[in-house]
Amino acid sequence: MPSDTTPVTDLASKEVFTADGARVGRVIDVLVDLEADAPVALALSDVDEGTVGGLPSGAAGVRVPFRLVRGVGDVIVLTSAAHEAALPLPGGRGGGSGFGADDGDGSPDWDAPTDGGDASTGDDPIV
């Protein structure tokens with residue numbers, strides 16, 4: 001019997017496209033709610049700015065709420081247009097991804113949500 005689950009590690013480096021076939025970017029990380037044991041968002045780099053719109057100069061890429069993932073196969077397909085869902089990732093464009101990078105205080109800079117969203121109720125703390 002085929003499984004409808006995909007390990008999070010299998011998402012690394014997959015290309016992400018909108019439902020109409022426009023390329024968004026490449027997965028560099030997955031945000032996971034450890035309490036709910038569920039993915040929250042995809043972090044993307046190598047972003048096609050024509051698809052997502054202009055990014056702030058300090059953005060390392062974008063993050064897309066996982067609830068917008070329509071399907072996962074050889075690529076990941078989103079349910080909506082990327083410019084409506086993609087949020088800038090912190091960090092510079094020059095070096096690493098900036099996502100989870102150490103900002104000098106010894107702790108990762110995850111740009112953690114602060115509004116207290118609860119994945120168990122369907123509230124996405126990222127958006």
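Whatever comes next refers back to the structure up there.
Every value quoted in this text rests on a predicted model; they were computed, and no experiment measured them.

1. A word on the overall build of the chain
Along its length, the chain carries two helices and seven strands. Secondary structure elements of the chain occur, N-terminal to C-terminal, as β-β-β-α-β-β-β-α-β. Partitioning the contacts of the chain with sequence separation of at least 6, the portion at a separation of at least 24 is 50%. For the chain, the exposed surface amounts to about 7200 Å²; the carbon and sulfur share of it is 50%.

2. Quick look at the pattern of salt bridges
Opposite charge on two side chains makes pairing possible when the charged atoms of those side chains draw close. Under the definition given, this model contains three salt bridges. The partner of Glu15 in a salt bridge is Arg26, with the nearest N and O atoms 2.2 Å apart. With Glu15 in strand β1 (residues 15–17) and Arg26 in strand β2 (residues 23–33), this residue pair connects regions lying eleven residues apart in the sequence. The buried category is assigned to Glu15, whose relative accessible area is 16%. Arg23 is the partner of Asp46 in a salt bridge, and the nearest nitrogen-oxygen pair spans 2.8 Å. With a gap of 23 residues between them, Asp46 in the loop between β3 (38–45) and α1 (49–52) and Arg23 in strand β2 connect regions that are remote in the sequence.

3. Observations regarding the environment of Asp74
If you trace the backbone, Asp74 turns up in the loop between β5 (69–72) and β6 (76–78). Spatially, the C-alpha atom of Asp74 lies 7.2 Å from that of Lys14, the residues being 60 residues apart in sequence.

4. Structural notes on the pairing of strand β4 (residues 62–65)
Along β4, one buried face is formed by Val62 and Val64 and the opposite face, lined by Arg63 and Pro65, is buried too. For β3 and β4, the ladder comprises four bridges, and the chain directions are antiparallel. Bridge pairing links Ala43 to Arg63 in β4. Pairing analysis gives two bridges linking β4 to strand β7 (residues 87–88), with the strands arranged antiparallel. Counterpart to Val62 in the pairing with β7 is Pro88.

What counts, and at which threshold
- Residues numbered from 1 in each chain as written.
- Predicted model: local features only at pLDDT ≥ 70, side-chain atom pairs only at ≥ 80, totals over all residues.
- Heavy atoms only, no water.
- Helix = DSSP H or I, 4+ residues; strand = E, 2+ residues; numbered from the N terminus.
- Contact = heavy atoms within 4.5 Å.
- Areas by Shrake-Rupley, 256 points an atom, 1.4 Å probe, with all protein chains shown as cover.
- Salt bridge = Lys/Arg side-chain N within 4 Å of Asp/Glu carboxyl O.
- Buried < 20%, exposed > 50% of the residue type's maximum accessible area, 1.4 Å probe, protein only.
- Pairing = 2+ DSSP bridges.

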